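Architecture at a glance
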Amino acid sequence: MSILTSPRGKVEVVHCRRTESQDIYCIKNLIRKFTQKLFGSLNIIYLLEKANLAITLHNDHGKIMAQATFLDYPNWNVAKQDDWVSVFQELDSEIPCTPLNTLFMHLFVAVDEYSVGCCKEIIRSVFKAVPDLHFIFLIVPSYMSLGSTLITVFNQVGNIPSLAYDEDFTVHVCHRHSHYPQLHIRKATVEDHDDLMPIFLHHDTVLKETYGEYFLAELIEAQDEENHAVVCEVEGVAVGFMSLCSRVNLQLLHECFDLGPFHGLCTPHPSDVLGLPPELSARGIPDSELRSSSQDSQKTVKELRETVSMEAKESTQGKVTEEATKEEALSPVQSGNTSEAEDTEQLSQDCSADTQPSVSNASSATISLPEETSSFRPIYRGASTAFCIQLFCIDEKYEARSLDFMNFVFSLFPDKDFCIISLPHLTPEFVLIQNFVKIVPFNNCTLDQDLYVFHRAGLLKTINIRLATVSDYPGVENLVSTLMLNRSILEDLKQYNEARRDPDGTPLQAFVAEVAGQVVGIAVIRNEMDIECIRSHYNIEDFIYFSHHQREEHGHLYHFALNPIFRHYTKFFLKEILRLGFKSCLYYPVYPQSKEGKVQSPSAHSLTSALHFLVPVRPRRQIVYPLEKLGINAPSKEVSKDPLGYALNHTNRKLTLEPKITVNAKIVVVGASTVGISFLETLVFCSHLKFDNLTLISTHGLPGKKLLGTEQRKFLASDHCFNDKDHALMSLCSWVNVVIGKMTAIDRAAKRVIVSGEDVVLYDHLVLCTGRQYQVPCPTGADISQHPTNREVANSGLRRYTGPVPCNHFTLNNEEDCLKALTWIRNNSITAEGNIVVYGNTIDTYTTVETLLNLGVRGSYIHLVQHPPTSVITCINNYSVEGALEDALRAAGVTVYRDALLAQWNDGLDPNPIHSASFTTPTKPFKLPCSMFFSFGEKNVDYETFKAFNDACLVYDGRLVIDTNFHTNDIAIRAAGPLTKFSNRYYSNEWTHSSFNSKEIGFQLAAAMLNLFDPTLEPATELPADLDRLVPMYKGAKIKGGILPGSYHYLHVTKPAIPTPLEVQMAQPDFGSEIVTGNAKNGTYFRIHINKYKMVETITCLCKAPFPASNYIRLFGQHEQVLNNLCARYEDGLVPDLYSYFTEPWCMGLFHDRFIDLRKELRQILSSKEEENFPSIEEIARQIEDEEINLPEKPRKYLKRVFQETIYKPLVEESILDYLRYNHYHLPMYAWPGIV
């Protein structure tokens, strides 16, 4: 915020922000003829799309006061985009401009009255936002003067000719030192005390309270060879302070953090132990490679020290360290994929899948190391090469110049190469540590601190990005030698040097980052040839205006490796790739791994240390097209094809100078349920936030990590929230740490979770999403020889089974359970012989029976035993569907027993394995032979999970008790999903999270927590006391589906509601109507319930043939008139088959993922006041409802006439046509004016 004063004395308070697309209209209005002569005739949208930095000033009322746009190459075509440096360096030898320290102003507009003040404020903001920036150039035609505004900040340098035509242009420059200069750094003196104390007390009073009022003066006086105090000053006043010490507890750091890439912050020593003995070492990366790389890196440090000086602008002749290229190279577990199948296989062989709990490193998959290798710690015996920052504080006004300290402090420790700082992990990331490398902690680290490291070579500003040459091959080979994927990188580099193209003819580019003549980074990109497919399958238009980017401007990032000591130059490297490669966008896919550990695609990519500087792109839900019916009106193959699923990451020119907000809070999610996955997905796809400490604790890790067979998919019914492909498209393993194990205890005081009884996971926010699972049933113990009935037997449903679980007993709760059952069936010849008992009365019993039949088990060997229902509502709740299932079971020979209670296994003898199962009924008991026993009783919370809640004193009343904000009785612990119930103070025990869509619950949970971390959100308002007693109602549909006996494909979509029998619902006076076509027994059943408001409320499908379930789910919540006047057509007999009706071309637009946006846009048009002195359509409807106006005709007719006679009709039509034009690649079956 700044205060501007006009020449006439008027005052305006202005605020600075990044330019947004909605600013374009106001920017155009600020453009004058003089502006066009100065900058040329510009397409503002195009300019903003290609700008590296665009700044807008607005006042307190939101009015735009000024705007400026900056790019990293000149305007007016005075030099080539990729070759302007030499041209501008020749203008003035005293201006050492480089791509790192230079930007070009391409546009400036302002309100005339405040233009001078706005210009200075924008320039100051730009220098503050980009710390490495020193020069801003402005190029104008030589016959033009700068005017009274720009002349105040720019100085003329010289003239330069145009490349295109015979005309000269004048070059002006603006220097940093005139607006936001570098800080002067010096040793601290006692006299600085009075200047510094207000800065300290503004942030914290703990030091004063602990060490006394004059602690700072005492710290300054205590300086010696090991301890130094440094200040930065502005105009003789100290505005920042740094206390340094060369004594570092390296032993503690070696125990807690993986410092391998930096050789443990020690000098190499012959006695260093960097790896296990050969017979014990892991086979991932040979220890010899790591050792040689780490030791070689130290040999060049002495040569490097001499090059780092206060004059960072000078070129250096020394060499740069050869540290391991990326931290990930030394991490034991990798995420993403390799382009060498053998490397992936080798890594997977090293990993023991689920043998014991383990914590994987950041950006890693759910794989655990063998115990003996994961516990190894290198031993470093050399002298320390690090000093630490003990205390740091700086005035917020000058915080952006924090890095100015580093040149001076390294000069105080000439024998040290590393500066380290440890911070409480909840400390917000400030400017200084954004230039440091955050060190990955070891799995068992319980230190409540984060460690950051900075190498003195990171001060070098001579980094140069250029196209690779043949002579770079040895340097790149040495750089990537420790990476498992080095062969792939080197082969692509060789291909570029030889042909500049891939073997298939795709243009290829390779770039190297060079410092002091040594290669420190490598990147390989190709032209993105599949951009239409990417556009149609991913929401890249959340980040770019697609039509303003040429096809050849889209690049595909294949490899990116950068020495970790230059990690803070990652965004600069990416920016230079875009500039030198004439690209505007880069895409980086992360492919999933298959079950065998092989990559799914030959085009799979190497890991990239740049991943966290890219933004993940949400996948788009696709329409399932009836291609045969659409014929020539079907979309292109690039759009309609089902491509290999991968998670897409992206950057563009606009994002290269846009920082992310880092959230270091430890957020631990327990349970990989739908709620938990939806919660993590929402956080990960917040593109402006970077969550560094997301952890998932799960028995089997992240779901979807294997490619499952079709049989496994059928065992359990689906909620249609996530499938394997959805998990591949998200690639949560790239962003979430995974602990494989089971939560056994919660220590609320220490804020830690105990996993599998031994491993410790610390948390700041704990999210419990374990859900409820099928449990092993507890037999009643009744002796059926006495012929008891259910009435005579005590119900054991609430008792917990405590005996050994029989080896042939299966409770199916997840994919791994299904795989075990499938393996048992195949390994024990169950399909040929052996009776199978399926016990329970949920929908999963039907899907399991169908799977068994599909596997080849004879129906006569399958016994479906349904225990007494706990409610009058069946799992299907539709007589027509239930009748068809009974006929199908009877036809398959499956025997069904109803109201049966499990009495005994093996007549009360040892139940392992189960040979027989006895049951009681309301009439007479029975006994069945048994080779496999599937149990689908009532779901409940796992006992160990309950015990962890109970021992932690979390309120539990049948389920874990929460409030409407997901809080348990511990403010740091939240819970969501079927695991929970609302507190009794809400008087709403019938409503729980089980009543709602789990994916929506996870999204709302994340939205509630984002208020804690996202500064761009408005602070959450406290609800009034009376409203805080209301249970939140979510609107997403409850969905279940699967393949039922008889090979019926089943889908049921309904609104969240308290379960009620269907016949009771239909008897209600406000039920509405139903539309039913086909017959359940014939497998053509389709039922739609239209409520009294004419909205689709329930959808039920039962069909022999597969159908596009994802399309039908989109029908939920639509008005029947949107469905082409469905009710009227049905009443007229024009809709004999709903399956065929919803494959007609007109309805494809309804299934589009952006149809909901169109609805919102149309609603906004009708609710906004588009004409003066005339109310909106929504306001008129309200007046009619409140009888504020007398109508001469029926309300509907009146509203229709008003709509047609006013501006609203053309506005709505224009909006719909824009929707069809913009999405024509998905919806080519629609015609609009101009194409016919």
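Structure: see above.
Residues numbered from 1 in each chain as written. Predicted model: local features only at pLDDT ≥ 70, side-chain atom pairs only at ≥ 80, totals over all residues. Heavy atoms only, no water.

1. Some thoughts on the overall build of the protein
The cut-off we apply is this: Secondary structure follows DSSP: runs of H or I at least 4 residues long count as helices, runs of E at least 2 residues long count as strands, and numbering of each begins at the N terminus. Relative accessibility under 20% of the residue-type maximum defines a buried residue, over 50% an exposed one, and the middle range a partly exposed one, all with a 1.4 Å probe and only protein chains included. Whether two residues are in contact is decided by their heavy atoms: any pair within 4.5 Å suffices. Under the convention used here, a 1.4 Å probe and the Shrake-Rupley method define accessible areas, while residue burial counts only the protein chains that appear.
Summing up its helical and strand segments, the protein has 38 helices and 48 strands in all. Counting over 1236 residues, the protein shows a buried share of 56%. Taking all contacts inside the protein whose residues are at least 6 apart in sequence as the whole, residues at least 24 apart take part in 73%. Counting only carbon and sulfur atoms, one obtains 51% of the accessible surface of the protein, whose full area is about 53,600 Å².

2. Concerning the sheet that holds strand 38 (residues 916–920)
Test applied: The pairing criterion for strands is at least two bridges between them, as found by DSSP. The axes used here are C-alpha line fits, helices contributing only the stretch in contact, and every angle between their N-to-C directions lies in the interval 0 to 180 degrees.
Sheet architecture is open: three strands sit in the order 37-38-39, paired in antiparallel fashion. Strands at the two margins of the open sheet, each flanked by one partner only, are strand 37 (901–905) and strand 39 (926–929). The sheet shows a mean angle of 30° between the axes of neighbouring strands, taken without regard to direction. As defined by bridge partners, strand 38 adjoins strand 39 across four bridges and the pair is classed as antiparallel. Each residue of the ladder has a partner; that of Ser918, found in strand 39, is Lys927.

3. Side note on the nonpolar core
For clarity, the cut-off: For the purposes of this section, nonpolar cores are sets of buried Ala, Val, Leu, Ile, Met, Phe, Trp, Tyr and Cys residues that join through side-chain atoms within 4.5 Å.
With 91 residues, the main nonpolar core has Leu265, Phe560, Phe573, Ile577, Phe679 and Phe691 as its most contacted residues. The next biggest cluster of nonpolar side chains, apart from the first, holds 64 residues, and it includes Leu48, Leu53, Ile55 and Ile160.

4. Remarks on the pattern of salt bridges
Any two side chains of opposite charge can pair if their charged atoms end up close together. This is how the line gets drawn: We define a salt bridge as a contact between a side-chain nitrogen of Lys or Arg and a carboxyl oxygen of Asp or Glu at a distance within 4 Å.
What the rule picks out here adds up to 45 salt bridges. Across the salt bridge formed by Asp472 and Arg466, the nearest N and O atoms sit 2.7 Å from each other. Accessibility expressed as a relative area gives 5% for Asp472, which makes it buried. Between Asp530 and Lys641 there is a salt bridge, with its nearest N and O atoms 3.6 Å apart. Placement of the pair is Asp530 in the loop between strand 19 (518–527) and helix 18 (531–537) and Lys641 in the loop between helix 21 (637–640) and strand 23 (647–652), with a sequence separation of 111 residues. Look at Asp530 and you get partly exposed, because its relative accessible area is 25%.

5. As for the sheet that holds strand 36 (residues 895–897)
The sheet built from five strands is open, its strands ordered 33-40-34-35-36 with parallel pairing. Bordering the open sheet on either side are strand 33 (809–810) and strand 36, each of which pairs with just one other strand. Here strand 34 (residues 836–840) runs beside strand 40 (residues 932–936); their pairing, made up of five bridges, is parallel. By the bridge assignment, Ile836 is partnered in strand 40 with Met932. Of the strands in this sheet, strand 33 and strand 40 touch helix 25 (residues 815–827), which is tilted by about 160° from strand 40.

6. Topic: helix 19 (residues 570–580)
For helix 19, the tally of buried residues reaches 11 of 11 residues, placing the bulk of the element in the interior. When we look at burial in helix 19, the residues that qualify are Thr570, Lys571, Phe572, Phe573, Leu574, Lys575, Glu576, Ile577, Leu578, Arg579 and Leu580. In the core, the buried residues of helix 19 are packed alongside strand 17 (464–467), strand 18 (508–515), strand 19, strand 20 (554–562), strand 21 (585–590) and strand 23. Positive phi shows up at Phe582, right after helix 19, with a value of about 55°.

7. Remarks on the pairing of strand 16 (residues 449–455)
Within strand 16, six of the seven residues are buried, which leaves it mostly tucked inside the rest of the structure. Pairing of strand 15 (residues 437–438) with strand 16 involves two bridges; the strand directions are antiparallel. Residue pairing in the sheet places Val437 in a bridge with Val453 of strand 16.

8. Looking at the packing of aromatic side chains
Rule in force here: Pairs were defined over the aromatic rings of Phe, Tyr and Trp, the Trp ring being its six-membered one, requiring ring centres within 6.5 Å. Orientation was assigned from the angle between planes: stacked under 30 degrees, edge-to-face over 60, tilted for the rest. Both a distance and an angle decide whether a charge sits over a ring: NZ of Lys or CZ of Arg must be within 6 Å of the ring centre and within 35 degrees of the ring normal.
According to the stated counting rule, one finds 46 aromatic pairs in the structure shown. Summarising the aromatic geometry, the rings of Tyr943 and Phe946 are spaced 6.4 Å apart at their centres and angled 45° between planes, so their arrangement reads as tilted. You can see Tyr943 and its partner Phe946 sitting in helix 28 (residues 943–951), three residues apart, about one turn around the helix. Take Phe946: its relative accessible area is 27%, and that puts it in the partly exposed class. Geometrically, the ring pair formed by Tyr1141 and Trp1146 is edge-to-face, given 5.2 Å between the ring centres and 65° between the ring planes. Classification of Tyr1141 as buried rests on a relative accessible area of 5%. Cluster of aromatic residues (ring-pair linked, three or more members): Tyr801, Tyr839, Tyr897, Trp905, Phe919, Phe926 and Phe933. Positioned above the aromatic ring of Tyr1222, the side-chain terminus of Arg535 is 5.7 Å from the ring centre.

9. Describing unusual backbone geometry
Look at the link from Asn912 to Pro913: it is a cis peptide, with omega at -5°. Within the secondary structure, Pro913 sits in the loop between strand 37 and strand 38. Despite not being glycine, Ala516 has its phi angle at roughly 55°, a positive value. Of note, Ala516 is situated in the loop between strand 18 and strand 19. On the accessibility criterion, Ala516 (16% relative accessible area) is buried. Despite not being glycine, Asp907 has its phi angle at roughly 55°, a positive value. Counting through the fold element by element, Asp907 comes out in the loop between strand 37 and strand 38.

10. Side note on the side chain of Ser246
With respect to the secondary-structure elements, Ser246 resides in the loop between strand 11 (237–245) and helix 10 (250–256). Ignoring any residue separated from it by four or fewer positions in sequence, one finds Ser246 in contact with Glu226, Ala386, Phe387, Phe413 and Lys416.

11. Considerations on the environment of Glu576
The cut-off we apply is this: Under the rule applied, a polar contact is a pair of N or O atoms within 3.5 Å (in protein, one hydrogen donor and one hydrogen acceptor; residues adjacent in sequence only if both atoms are side-chain atoms).
Tracing the chain through its elements places Glu576 in helix 19. Considering only alpha carbons, one finds Glu576 and Ile465, 111 residues apart in sequence, at a separation of 6.5 Å. Sequence-distant contacts of Glu576, that is, excluding residues within four places in its chain, are made with Pro99, Ile465 and Gly581. Separated by 2.7 Å, the side chains of Glu576 and Arg579 make a polar contact.

12. A few points about the packing of helix 22 (residues 674–684) against helix 29 (residues 998–1013)
The condition is simple: Throughout, the term roughly parallel applies to angles under 35 degrees, roughly antiparallel to angles over 145, roughly perpendicular to angles from 65 to 115, and oblique to all others. For a crossing to be left-handed, the near helix must be turned anticlockwise from the far one by less than a right angle; the clockwise case is right-handed. Gly counts as polar in this scheme, as do all residues outside two lists: the nonpolar Ala, Val, Leu, Ile, Met, Phe, Trp, Tyr, Cys and Pro, and the charged Asp, Glu, Lys and Arg.
Relative orientation of the contacting elements helix 22 and helix 29 amounts to 45°, with a least axis distance of 7 Å. Judged by the inter-axis angle, helix 22 sits oblique to helix 29. The interaxial crossing formed by helix 22 with helix 29 has right-handed handedness. For the pair helix 22 and helix 29, contact is made by Thr674, Val675, Ser678, Phe679, Glu681, Thr682 and Leu683 and by Ser998, Lys999, Ile1001, Gly1002, Phe1003, Leu1005, Ala1006, Met1009 and Leu1010, respectively. When its residues are assigned to classes, the contact of helix 22 with helix 29 shows nine nonpolar, five polar and two charged.

13. Thoughts on the environment of Pro1136
Among the secondary structure elements, Pro1136 is positioned in the loop between helix 32 (1126–1131) and helix 33 (1138–1141). Among the residues examined, Pro1136 registers a relative accessible area of 66% and is labelled exposed. Each C-alpha atom of the pair Pro1136 and Gly1078 lies 7.9 Å from the other, and the pair is 58 residues apart in sequence.

14. A word on the state of the cysteines
What counts is decided by this rule: In plain terms, two cysteine sulfur atoms within 2.5 Å form what is called a disulfide here.
Inspection of the entire model under this criterion finds zero disulfides. The structure places no disulfide on Cys245, whose sulfur is separated from the nearest cysteine sulfur, that of Cys388, by 5.0 Å. Accessibility expressed as a relative area gives 2% for Cys245, which makes it buried.

15. Here we look at the side chain of Thr1100
With respect to the helices, strands and loops of the structure, Thr1100 is situated in strand 48 (residues 1096–1103). In this structure Thr1100 touches Asn878, Val881, Tyr1050, Leu1051, His1052, Tyr1085, Phe1086 and Arg1087, once residues within four positions along its chain are discounted.

16. What about the packing of helix 35 (residues 1155–1167) against helix 38 (residues 1208–1222)?
It is at 10 Å that the axes of helix 35 and helix 38 come closest, and there the two elements cross at 165°. In terms of their interaxial angle, helix 35 and helix 38 are classed as roughly antiparallel. In the crossing of helix 35 with helix 38, the sense of the turn from one axis to the other is right-handed. Touching Phe1155, Leu1158, Glu1161, Leu1162, Ile1165 and Leu1166 of helix 35 are Tyr1208, Leu1211, Val1212, Ser1215, Ile1216 and Tyr1219, all from helix 38. For the contact of helix 35 with helix 38, the residue count by class is 10 nonpolar, one polar and one charged.

Just geometry here; none of it tells us what the structure is for.
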